[in-house]
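Chain by chain, the residues:
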Amino acid sequence: MLRVMTWNIRTGGRDRDGTDRWDGIVAVVTAQRPDVLALQELRGLDRDGRMAELAGRVGMLPHLARSCFGQPVAVLVRAPLRVLRSGRVRRPFHHAAIRVEVATSAGPLTVFSTHLDPYSGGRRRMEAEWLASTLRRTGGRLALLVGDLNTLEPTVDHTARLAGLADLYRRRHLRRDSRTVDTRAVARLLDAGLVDLWPYAGGAEPAGLTVPTRHGGAEFAAMRLDYLLATPELAALTRAVRVVRDDPADTASDHYPVLADLALDPA
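Residues numbered from 1 in each chain as written. Predicted model: local features only at pLDDT ≥ 70, side-chain atom pairs only at ≥ 80, totals over all residues. Heavy atoms only, no water.

Caption draft 1: Here's a closer look at the sheet that holds strand β5 (residues 82-88). Judged by pairing direction, the sheet is mixed, and its six strands sit side by side in the order β5-β6-β7-β8-β10-β9 without closing on themselves. Among the strands making up the open sheet, the edge pair consists of β5 and β9 (195-196). Alignment of strand β7 (residues 107-115) against strand β8 (residues 142-148), held across seven bridges, turns out to be parallel. Bridged to His115 within β8 is Asp148. (Pairing = 2+ DSSP bridges. Helix = DSSP H or I, 4+ residues; strand = E, 2+ residues; numbered from the N terminus.)

Caption draft 2: Layout of the side chain of Thr11. Inspection of the secondary structure puts Thr11 in the loop between β1 (2-8) and α1 (22-32). At 2.7 Å, the side chain of Thr11 and the backbone oxygen of Arg14 are in polar contact. Setting aside chain neighbours within four positions, we find Thr11 in contact with Arg21, Glu41, Arg43 and Gln71. (Polar contact = N/O pair within 3.5 Å; in protein donor to acceptor, adjacent residues only side chain to side chain. Contact = heavy atoms within 4.5 Å.)

Caption draft 3: Quick peek at the packing of aromatic side chains. For the structure shown, the criterion picks out one aromatic pair. Measuring from ring centre to ring centre gives 5.3 Å for Phe93 and Trp130, while their planes differ by 85°; the resulting arrangement is edge-to-face. Linking Phe93 in the loop between β5 and β6 (97-104) with Trp130 in helix α3 (residues 121-138), this pair joins segments that are 37 residues apart in sequence. In this structure Phe93 comes out as buried when scored by relative accessible area, which is 0%. Over the ring of Trp22 we find Arg14; its NZ or CZ atom is 5.0 Å from the centre of that ring. (Phe/Tyr/Trp six-rings, centres within 6.5 Å; stacked < 30°, edge-to-face > 60°. Buried < 20%, exposed > 50% of the residue type's maximum accessible area, 1.4 Å probe, protein only. Lys NZ or Arg CZ within 6 Å of the ring centre and 35° of its normal.)

Caption draft 4: Seen up close, unusual backbone geometry. Cis geometry is found at the peptide bond from Ala79 to Pro80, where omega equals 15°. Of note, Pro80 is situated in the loop between β4 (73-77) and β5. In this structure, the amide linkage connecting Val211 to the following residue, Pro212, adopts the cis form with an omega of -10°. You can see Pro212 is positioned in the loop between α7 (197-201) and β10 (226-230). Positive phi values are uncommon outside glycine, yet Arg10 reaches one of about 60°. Mapped onto the fold, Arg10 is located in the loop between β1 and α1. Positive phi is not limited to glycine here, since Ser178 has a value of about 65°. Tracing the chain through its elements places Ser178 in the loop between α5 (167-170) and α6 (184-191).

Structure representation (structure tokens):
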């Protein structure tokens, strides 16, 4: 069984007041022991060997993509899983996107880690289009797109949920008419043929909600912003999906990590 985890660890695991959350992050990853770990919001981890330091603490090898405007993202891989190729998705994402291909018993598995624009629904839709195009060209039969998509799911009524947010944060999830909830980025990826693994193999609300945590998140209502989207062939191999809410996951970041167990083995 191959385990994939995605997690936005908030500003590289360190807060503006100097608080370091690395011990909690390491504890969560060590307890869950993913074979592939997609991380987002890695402020400062592209300098001074910090990404290698964090990866070493969790016993994995890192592949990092720097950002044009925002924060890096990464995919970490645990031995004996073998990396065939990796690289940044070369588009001007607000944050970044990376593609890592690993060898499995059913053939190459391509994992994309990304973090879509937090402020503009139009930009998120454009970034989703870039990802859909890249998946079509290079994703292959077994592909998984994961990360903080900063987008509400298209199949749920979010009116009441957004009503409690301050206007500054509510506007991030509305279209230009200021009334229609903007779910276009996720909708575009689903239209490209990807399967949302939470309703496919997870559970009902509220277990799928990934923000906020006890650490904070004034910009959030109870939302699902973190996704695992798979090709149909990979979805058929998905055995379980869950949000990790165990201590210390509820204080290590303002997002909860999400796990998927896939019926694959390293090759």
